[in-house]
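Chain by chain, the residues:
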Amino acid sequence: MSLQASVRLRRGTLELNAEMHVDPGEVVAVLGPNGSGKSTLLGALAGLVAIDSGRVEIDGVLVEDPAEGVRKTAAERSVGFTFQDYLLFPHLSVEENVAFG
């Protein structure tokens, strides 16, 4: 999977401006202090947070570009997202929680 992204958005006092280029097979870590926009950036790439401007391409497919009126839903993107909150089903195993999605 490859990713080309230019993400610009504002949420409350957070103003996020990020550029990413990820080649197929490359592993990327997003690091920063609390409140710096890491989860917001990942949510935007996954389609859970709309961007104000910029462009997101996954495997060469345009999935979001507000200027062109393109915004594919999270279900239409080949991206998985695990929230850092404890929102697991307590009655399921780790494997069953992962398989549920």
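Here the structure is shown first, and the text comes after it.
Every value quoted in this text rests on a predicted model; they were computed, and no experiment measured them.

1. A short note on the packing of aromatic side chains
In the structure shown here, the tally under the stated rule is one aromatic pair. Arranged with centres 4.8 Å apart and planes meeting at 70 degrees, the rings of Phe89 and Phe100 form a pair that is edge-to-face. Highlighted residues: Phe89 in the loop between β5 (70-71) and α2 (94-100) and Phe100 in helix α2, separated in sequence by eleven residues. We classify Phe89 as partly exposed; its relative accessible area is 34%. Classification of Phe100 by relative accessible area gives exposed; the value is 60%.

2. Quick word on the pairing of strand β1 (residues 3-11)
Inspection of the sheet shows β1 paired to strand β2 (residues 14-22) by nine bridges, in the antiparallel sense. The residue bridging Ser6 from the neighbouring strand is Glu19, located in β2. In textbook terms, the turn of a hairpin is the stretch between consecutive antiparallel strands, and for β1 and β2 this stretch comprises two residues, one of which, Gly12, has a positive phi near 65 degrees. Of the strand pairs in this sheet, β1 and strand β3 (residues 53-58) are connected by six bridges, and their pairing is antiparallel. Across the sheet, Val7 pairs through a bridge with Gly54, a residue of β3.

3. A short note on the environment of Asp52
Checked against the element boundaries, Asp52 lands in the loop between α1 (38-46) and β3. Taking the C-alpha atoms as reference points, Asp52 and Val28, separated by 24 residues in sequence, lie 24 Å from one another. Excluding residues within four positions of it along the chain, Asp52 makes contact with Arg8, Leu9, Arg10 and Pro66. Within the structure, the side chain of Asp52 is placed 2.8 Å from the backbone nitrogen of Arg10, a separation counted as a polar contact.

4. Considerations on the side chain of Asn97
Within the secondary structure, Asn97 is located in helix α2. From its side chain, Asn97 meets the backbone nitrogen of Phe89 in a polar contact 2.8 Å long. Contact partners of Asn97, with chain neighbours within four places excluded, come to Leu88, Phe89 and Leu92.

5. Notes on the environment of Leu41
Along the polypeptide, Leu41 turns up in helix α1. As a C-alpha pair, Leu41 and Val30 span eleven residues in sequence and 9.0 Å in three-dimensional space. Filtering out sequence-adjacent residues up to four positions away, Leu41 remains in contact with Val7, Leu16, Ala18, Met20 and Val30.

6. Topic: the pattern of salt bridges
Summed over the entire model, instances satisfying the criterion amount to seven salt bridges. The partner of Asp65 in a salt bridge is Arg55, and the shortest N-O contact between them spans 2.8 Å. One end of the pair, Asp65, is in strand β4 (residues 61-65); the other, Arg55, is in strand β3, with ten residues separating them in the sequence. Between Glu68 and Arg55 there is a salt bridge; the shortest N-O distance is 3.2 Å. Here the residue Glu68 occupies a position in the loop between β4 and β5, and Arg55 occupies one in strand β3, the gap between them amounting to 13 residues.

Rules and cut-offs
Residues numbered from 1 in each chain as written. Predicted model: local features only at pLDDT ≥ 70, side-chain atom pairs only at ≥ 80, totals over all residues. Heavy atoms only, no water. Phe/Tyr/Trp six-rings, centres within 6.5 Å; stacked < 30°, edge-to-face > 60°. Helix = DSSP H or I, 4+ residues; strand = E, 2+ residues; numbered from the N terminus. Buried < 20%, exposed > 50% of the residue type's maximum accessible area, 1.4 Å probe, protein only. Pairing = 2+ DSSP bridges. Contact = heavy atoms within 4.5 Å. Polar contact = N/O pair within 3.5 Å; in protein donor to acceptor, adjacent residues only side chain to side chain. Salt bridge = Lys/Arg side-chain N within 4 Å of Asp/Glu carboxyl O.

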